Amino acid sequence: MNHDPAETLEADYVIAGGGSAGCVAARRLIDAGYSVILLEAGGDDRHAAVYVPAGSAKLVGNPQYDWKYETEPDPSRNGRIDNWPSGKVLGGSGSINGMIYLRGNPADYDRWVQQGATGWSFADVLPFFLRSERNENGASQYHSDKGLLGVANLRVTHPFNRLFIDACVAAGIPRNDDFNGPVQEGVGYYQATQWGGLRCSAARGYLRPIGEHKKLQLLKRAFVCRVRVRNNVAEAVEFNHYGVAKLARARREVLIAAGTIGSPKILMLSGIGPRAELERQGIACVNDLPGVGRNLQEHPGIILSYDVTMRTMNVEAHSRWRFALRALQFALLRRGPGTSPISHVGVFFRTRPGLPAFDAQIHFQPLGYEVTADKVLLAEANRVSLAVNVSRPESRGSIRLRSPHPQDAPVIDHSLVGADADVRTLIDGARVMRNIFSSPTLRDRVQKEYLPGEAVSTDEQWEAYVRAGAFAMYHPVGTCRMGAVDDPQSVVDPELRVKNIRQLRVIDAAVMPCLPSCNTNGVTMMIAERASAFVVGTK
Ligand SMILES: Cc1cc2nc3c(=O)[nH]c(=O)nc-3n(C[C@H](O)[C@H](O)[C@H](O)COP(=O)(O)OP(=O)(O)OC[C@H]3O[C@@H](n4cnc5c(N)ncnc54)[C@H](O)[C@@H]3O)c2cc1C
């Protein structure tokens with residue numbers, strides 16, 4: 001397509017996607033003295049729903065902030081079709097996410113190295129976690145207080161949190177006051193990507209402080225269609241801005257940061273991907289890379305919930321005067337339920353004795369839901385909930401093009417619990433939690449198990465519950481995976497350069513070879529910190 005020269009922009013670097021990774025890279029390249037064009041399909045992030053942590057309930061499923069990707073029917077879950085949320089707003093998924101801050105443990109990064117990500121051991125990546133982190137608990141061997149990503153302790157408490165922690169400890173799970181310290185296993189409070197009681201996304205932490213910088217051309221509502229590649233060099237990005245076709249030329253490099261679903265789609269639309277698939281869509285293949293869109297991974301989870309004898313946060317939210325009091329507390333002190341991230345207490349635990357390492361994670365919340373066929377509402381009853389999820393799932397899926405038209409959403413094909421091992425881990429993990437809820441510390445506080453309910457007890461019944469109710473924890477990764485250049489399934493090399501193409505990198509969650517055993521925002525921002533260092537040559 002020919003573009004009107006009046007609609008052509010130019011900068012040293014063009015970044016496609018202004019999410020967690022894109023905002024980090026834009027700031028770091030500007031700090032290094034380069035000019036940057038940042039293209040984001042979503043709109044502005046400066047809304048209370050984004051920055052008031054409790055507002056996140058209004059973001060997921062809201063097309064103003066969420067791409068609302070729809071999956072194909074999942075054969076491993078009775079043909080279920082899901083909506084996968086993904087941030088469509090400056091700050092990306094980091095502007096709509098649950099704010100839990102984690103980074104995994106050395107074994108996660110050993111697995112990356114084993115899969116060809118040379119130079120990505122924990123010792124290699126820790127400095128980049130530290131470069132990003134501004135932890136309110138101060139600096140140490142494992143933490144920094146000088147970065148741009150605010151990381152803070154919870155400003156909300158609930159007595160059931162403490163009881164749940166005590167019950168886990170009584171069951172033999174070690175107490176852990178810092179999941180991002182020397183050991184990840186155990187039970188304790190999460191820290192949140194917040195600062196001053198407000199969400200700290202990459203947009204707020206990295207871009208807001210530099211305001212309208214002369215080196216930054218930030219275009220919102222700029223929908224990237226493809227990368228223009230000539231003679232194996234990425235020259236420019238074609239995008240649509242309020243209905244006008246425009247071009248952004250990169251003097252040095254194009255960086256793709258459209259996320260695990262968006263980045264492989266942009267590569268394929270640019271002719272980079274599995275040849276047969278591109279040709280089926282009538283797209284000329286400029287670089288046959290079979291791994292593009294493959295290796296999709298997600299953390300599968302199931303919910304357990306219990307009706308309890310103490311007032312829980314969902315019931316408080318239904319009371320008008322209590323709600324008003326809490327709103328005042330938030331307005332005056334930036335404390336209380338208004339600052340609540342999605343979960344308060346985490347557990348990293350072994351679902352069976354004899355396992356060499358923990359294999360499951362818990363997100364515990366002192367509030368509960370009413371789940372109907374088409375809605376999830378805050379329950380009227382006093383209820384607590386926990387999601388059990390597999391830490392290192394074996395199930396794999398893929399992203400493919402639906403059509404050659406950029407505006408069409410991609411095909412997301414994932415058997416979320418396709419691997420028997422993942423089903424086993426969910427069942428065993430749920431049984432461990434059920435035992436904890438019937439232990440002496442908690443049993444007097446619990447009225448009944450609401451989900452799945454006592455009727456579920458045999459292996460077959462648990463498996464049926466998993467297949468009917470398992471959901472994605474919103475941590476998709478792996479669709480442009482990094483690895484050795486001679487590995488036919490790798491898409492980018494360990495410096496995140498797209499194979500066989502010059503001046504083109506992918507720098508977001510899509511490059512992870514496999515899921516770390518944790519939530520993925522902090523890890524993605526570490527990757528973008530590292531990518532920026534590769535780009536400016538300081539490594
Ligand atoms: C609901 C939810 C809850 C989560 N909770 C947590 C949590 O508590 N803790 C945690 O660690 N992780 C969490 N995650 C995951 C975490 O937020 C993501 O792993 C991380 O944000 C991924 O960063 P990214 O840069 O790869 O993608 P994103 O942050 O999604 O950024 C991609 C950006 O590219 C833009 N884009 C896509 N396509 C185009 C296009 N064609 N043109 C222009 N722009 C485009 C998008 O609009 C978006 O802004 C959650 C995710 C979700 C969705």
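Residues numbered from 1 in each chain as written. Predicted model: local features only at pLDDT ≥ 70, side-chain atom pairs only at ≥ 80, totals over all residues. Heavy atoms only, no water.

**Q** I would appreciate a short explanation of the side chain of Ser 532 in the present structure.
**A** Here Ser 532 is to be found in helix 14 (residues 521-536). Using a relative accessible area of 5% as the deciding quantity, one classes Ser 532 as buried. At 2.6 Å, the side chain of Ser 532 and the backbone oxygen of Ala 528 are in polar contact. (Helix = DSSP H or I, 4+ residues; strand = E, 2+ residues; numbered from the N terminus. Buried < 20%, exposed > 50% of the residue type's maximum accessible area, 1.4 Å probe, protein only. Polar contact = N/O pair within 3.5 Å; in protein donor to acceptor, adjacent residues only side chain to side chain.)

**Q** Can you help me understand the nonpolar core in this one?
**A** Across soluble globular proteins, nonpolar side chains have a tendency to be buried as a group. With 104 residues, the main nonpolar core has Leu 39, Trp 112, Trp 120, Leu 267, Leu 496, Leu 504 and Met 526 as its most contacted residues. Considering each element in turn, this core owes the most residues, nine residues, to helix 14. No fewer than three residues from each of domain 1 (1-99 + 147-153 + 194-294 + 398-408 + 476-510) and domain 2 (155-189 + 300-390 + 418-469) sit in this core. Discounting chain neighbours no more than four positions away, the residues touching Leu 39 are Val 14, Ile 15, Ala 16, Gly 17, Gly 18, Leu 219, Ala 222, Val 224, Val 237, Phe 239 and Ala 248. Judged by nonpolar contacts, the second largest core, of 39 residues, contains Leu 163, Phe 164, Val 384 and Val 390. (Core = buried A, V, L, I, M, F, W, Y, C linked by side-chain atoms within 4.5 Å. Domains from an automatic or database assignment. Contact = heavy atoms within 4.5 Å.)

**Q** What should I look at first to understand the packing of helix 1 (residues 20-31) against helix 14 in this one?
**A** Relative placement of two packed helices is described by the angle separating their axes and the distance separating the axes. Where helix 1 meets helix 14, the closest approach of the two axes is 8 Å, and the angle between their N-to-C directions is 35°. Helix-helix and strand crossings are classified by hand; for helix 1 and helix 14 the assignment is right-handed. Residue-level contacts link Ser 20, Ala 21, Val 24, Ala 25, Arg 28 and Leu 29 of helix 1 to Asn 521, Thr 524, Met 525, Ala 528, Glu 529, Ser 532, Val 535 and Val 536 of helix 14. When its residues are assigned to classes, the contact of helix 1 with helix 14 shows eight nonpolar, four polar and two charged. (Axes fitted to C-alpha atoms, helices over the stretch in contact; angles between N-to-C directions. Left-handed = near helix turned anticlockwise from the far one by under 90°. Nonpolar A, V, L, I, M, F, W, Y, C, P; charged D, E, K, R; others polar.)

**Q** Whenever I open this one, the environment of Ile 100 confuses me. Can you help?
**A** Within the secondary structure, Ile 100 sits in the loop between strand 4 (83-84) and helix 3 (106-114). Residue classification places Ile 100 among the buried residues on the basis of a relative accessible area of 7%. Residues Ile 100 and Ala 484 lie 384 residues apart in sequence; the distance between their C-alpha atoms is 31 Å. Non-local contacts of Ile 100, meaning those with residues more than four positions away in its chain, are made with Tyr 190, Gln 191, Ile 342, Ser 343, His 363 and Asn 519.

**Q** Sorry if this is basic, but what is going on with the packing of aromatic side chains here?
**A** Ring pairs (aromatic) are described by centroid distance and by the angle formed between their planes. What the rule picks out here adds up to 17 aromatic pairs. With a centroid separation of 4.4 Å and an interplanar angle of 15°, the aromatic rings of Phe 164 and Phe 364 are classed as stacked. With Phe 164 in helix 5 (residues 159-170) and Phe 364 in strand 18 (residues 360-365), this pair connects stretches of sequence that are 200 residues apart. Side by side, Phe 164 and Phe 364 carry an identical accessibility label, which is buried. Taken together through their ring pairs, the aromatic side chains of Tyr 109, Trp 112, Trp 120, Phe 122, Phe 129 and Phe 534 make up a single cluster. The ring of Tyr 450 is capped by Arg 383, whose NZ or CZ atom sits 3.4 Å from the centre of that ring. The ring centre of Phe 358 lies 5.6 Å from the NZ or CZ of Arg 392, which sits over that ring. (Phe/Tyr/Trp six-rings, centres within 6.5 Å; stacked < 30°, edge-to-face > 60°. Lys NZ or Arg CZ within 6 Å of the ring centre and 35° of its normal.)

**Q** Explanation requested: the UniProt feature "domain: Glucose-methanol-choline oxidoreductase N-terminal" (unreviewed entry) in the protein in the structure shown.
**A** The feature "domain: Glucose-methanol-choline oxidoreductase N-terminal" (unreviewed entry), as annotated in UniProt, sits at residues 87-110 and 259-273 in this numbering. Split by type, residues 87-110 is 21% helix and 0% strand. Its first and last C-alpha atoms lie 30 Å apart. Secondary structure across residues 259-273 divides into 73% helix and 13% strand, with the first and last C-alpha atoms of the span separated by 16 Å. (UniProt positions renumbered as here; feature names shortened; annotations may be inferred.)

**Q** Teacher, can you tell me more about the domain arrangement of the protein here?
**A** By a widespread convention, an interface's size corresponds to the accessible area lost as its parts come together. For the protein, the assigned domains read domain 1 (1-99 + 147-153 + 194-294 + 398-408 + 476-510) and domain 2 (155-189 + 300-390 + 418-469). Carbon and sulfur atoms supply 49% of the area that domain 1 and domain 2 bury against each other, a total of about 1,100 Å² over both sides. Applying the counting rule to domain 1 against domain 2 returns zero salt bridges. Counted by class, the side of domain 1 that touches domain 2 contains five nonpolar, seven polar and two charged residues. (Buried area = accessible area lost by both parts, 1.4 Å probe. Salt bridge = Lys/Arg side-chain N within 4 Å of Asp/Glu carboxyl O.)

**Q** Can you help me understand the pattern of salt bridges in this one?
**A** A pair can form between side chains of opposite charge whenever their charged atoms are brought close. As enumerated under the stated definition, the model contains 41 salt bridges in all. The closest approach of N and O atoms between Lys 246 and Glu 7, which form a salt bridge, is 3.8 Å. Of this pair, Lys 246 sits in strand 13 (residues 244-256) while Glu 7 sits in the segment before strand 1 (8-16), and the two are 239 residues apart along the sequence. The partly exposed category is assigned to Glu 7, whose relative accessible area is 24%. Arg 402 is the salt-bridge partner of Glu 72, the closest N and O atoms lying 3.5 Å from each other. You can see Glu 72 sitting in the loop between strand 3 (69-70) and strand 4 and its partner Arg 402 sitting in the loop between strand 22 (397-400) and strand 23 (411-414), a full 330 residues away along the chain. Each member of the salt-bridge network shares a partner with another, and the members are Arg 352, Arg 424, Asp 428, Arg 431 and Asp 459.

**Q** It is not clear to me how helix 4 (residues 122-132) should be interpreted in this structure. Could you clarify?
**A** Each full turn of the α-helix corresponds to 3.6 residues, which orients residues three or four apart in the same direction. Three or more residues of helix 4 are buried, namely Phe 122, Val 125, Leu 126, Phe 128, Phe 129 and Ser 132. Along its buried surface, helix 4 packs onto helix 3, strand 5 (133-135), strand 6 (149-151), helix 6 (202-207) and helix 14.

**Q** I'm lost on helix 3 in this one. Help?
**A** What helix 3 keeps buried is the set Asp 108, Tyr 109 and Trp 112. End-on, the buried residues of helix 3 take up no more than an arc of 90°, which puts them together on one face. Packed against the buried residues of helix 3 are helix 4 and helix 14. Backbone geometry just downstream of helix 3 places Gly 116 in the positive-phi region, at approximately 100°. (Arc of directions from axis to C-beta.)

**Q** What am I meant to see in the site of the ligand here?
**A** Surveying the vicinity of the ligand reveals 38 residues, the closest of which are Glu 40, Ser 93, Val 224, Thr 520 and Asn 521. At a separation of 3.1 Å, a nitrogen atom of the ligand approaches a polar backbone atom of Ala 41. At 3.0 Å from an oxygen atom of the ligand is found a side-chain nitrogen or oxygen belonging to Trp 67. Protein contacts shield 95% of the accessible area of the ligand, which totals 1,000 Å² for the unbound molecule. (Near = heavy atom within 4 Å. Areas by Shrake-Rupley, 256 points an atom, 1.4 Å probe, with all protein chains shown as cover.)

**Q** How should I be thinking about a nonpolar patch on the surface in this particular structure?
**A** A contiguous nonpolar patch, built from Leu 328, Leu 332 and Leu 333 and spanning about 330 Å² of accessible area, is present on the exposed surface. Relative to the helices and strands, Leu 332 is located in helix 10 (residues 320-333). A relative accessible area of 65% places Leu 332 in the exposed class. (Patch = residues over 30% accessible without salt bridge, like charges linked within 9 Å, V, L, I, M, F, W, Y side chains within 5 Å.)

**Q** What is the right way to read empty space enclosed by the protein from this model?
**A** To find the voids left in a structure, one rolls a probe of water-molecule size over its atoms. In the structure shown here, the tally under the stated rule is one cavity of 30 Å³ or more. Its volume calculated, the largest cavity comes out at about 40 Å³. What lines the largest cavity is Thr 71, Glu 72, Asp 74, Arg 77, Asp 82, Trp 84, His 414 and Leu 416. Counted by class, the lining of the largest cavity contains two nonpolar, two polar and four charged residues. (1 Å grid on protein atoms, 1.4 Å probe; cavity = no way out; pocket = protein on both sides within 12 Å on 5 of 7 lines; lining within 4 Å. Points joined across faces, edges and corners; volume = space filled by probe spheres on them.)

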